[in-house]
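What follows is each chain in one-letter form.
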Amino acid sequence: QGQLVESGGGLVQPGGSLRLSCAVSGGISRISTRGWYRQAPGKQRELVVTITFGGITNYADSVKGRFTISRDNADNTVSLQMNGLKPEDTAVYYCNAQLGPRTFWGQGTQVTVSS
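These remarks concern the structure in this document. (Residues numbered from 1 in each chain as written. Predicted model: local features only at pLDDT ≥ 70, side-chain atom pairs only at ≥ 80, totals over all residues. Heavy atoms only, no water.)

Here we come to the packing of aromatic side chains. Two measures describe an aromatic ring pair: the distance that separates the ring centres and the angle between the ring planes. As enumerated under the stated definition, the model contains two aromatic pairs in all. The interplanar angle of 70° and the centroid separation of 5.1 Å between the aromatic rings of Tyr 37 and Trp 105 together place this pair among those described as edge-to-face. Here the residue Tyr 37 occupies a position in strand S4 (residues 33–39), and Trp 105 occupies one in strand S10 (residues 102–105), the gap between them amounting to 68 residues. Centre to centre, the rings of Tyr 94 and Trp 105 are 6.5 Å apart; their planes meet at 90°, and the pair counts as edge-to-face. Taken together, the residues span a long stretch of sequence, with Tyr 94 in strand S9 (residues 91–99) and Trp 105 in strand S10 at a distance of eleven residues. In this structure Tyr 94 comes out as buried when scored by relative accessible area, which is 14%. When the ring centre of Tyr 94 is taken as reference, the NZ or CZ atom of Arg 45 above it lies at 3.7 Å. When the ring centre of Trp 105 is taken as origin, the NZ or CZ atom of Arg 45, which lies over that ring, is 4.6 Å away. (Phe/Tyr/Trp six-rings, centres within 6.5 Å; stacked < 30°, edge-to-face > 60°. Helix = DSSP H or I, 4+ residues; strand = E, 2+ residues; numbered from the N terminus. Buried < 20%, exposed > 50% of the residue type's maximum accessible area, 1.4 Å probe, protein only. Lys NZ or Arg CZ within 6 Å of the ring centre and 35° of its normal.)

What follows is the structure in structure tokens.
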């Protein structure tokens, strides 16, 4: 059974940057669509960005121009570079992998943007 393991969350001041990474442990296909979602307190989980095996991306409007997703298909890893962070970006960020009917989630990593 495959697992996704996130790293890189933390506390940052408004305008700062963080980089999240997501590694695969186990049998998750390299051709899976990968992505990041987030959930703020009292809100539903929402899409941040997805990237296909071929590199096609889909960003939420709220993060366009500030966040950049990248993937290394050889290592089966994905990263999220977050610049210009705002307090409203505060949430638990979840790594996701999806291929057909199979969906995998990481355990989540906390990102807090506060002065």
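Moving on from the coordinates now.
A few words on the pattern of salt bridges. The full count for this structure, using the stated rule, is four salt bridges. Asp 89 serves as the salt-bridge partner of Arg 38, at 2.9 Å between the closest nitrogen and oxygen. Here Asp 89 lies in the loop between strand S8 (77–82) and S9 and Arg 38 lies in strand S4, a separation of 51 residues in the sequence. Comparing Arg 38 with Asp 89 shows no difference in burial state: the two are buried. (Salt bridge = Lys/Arg side-chain N within 4 Å of Asp/Glu carboxyl O.)

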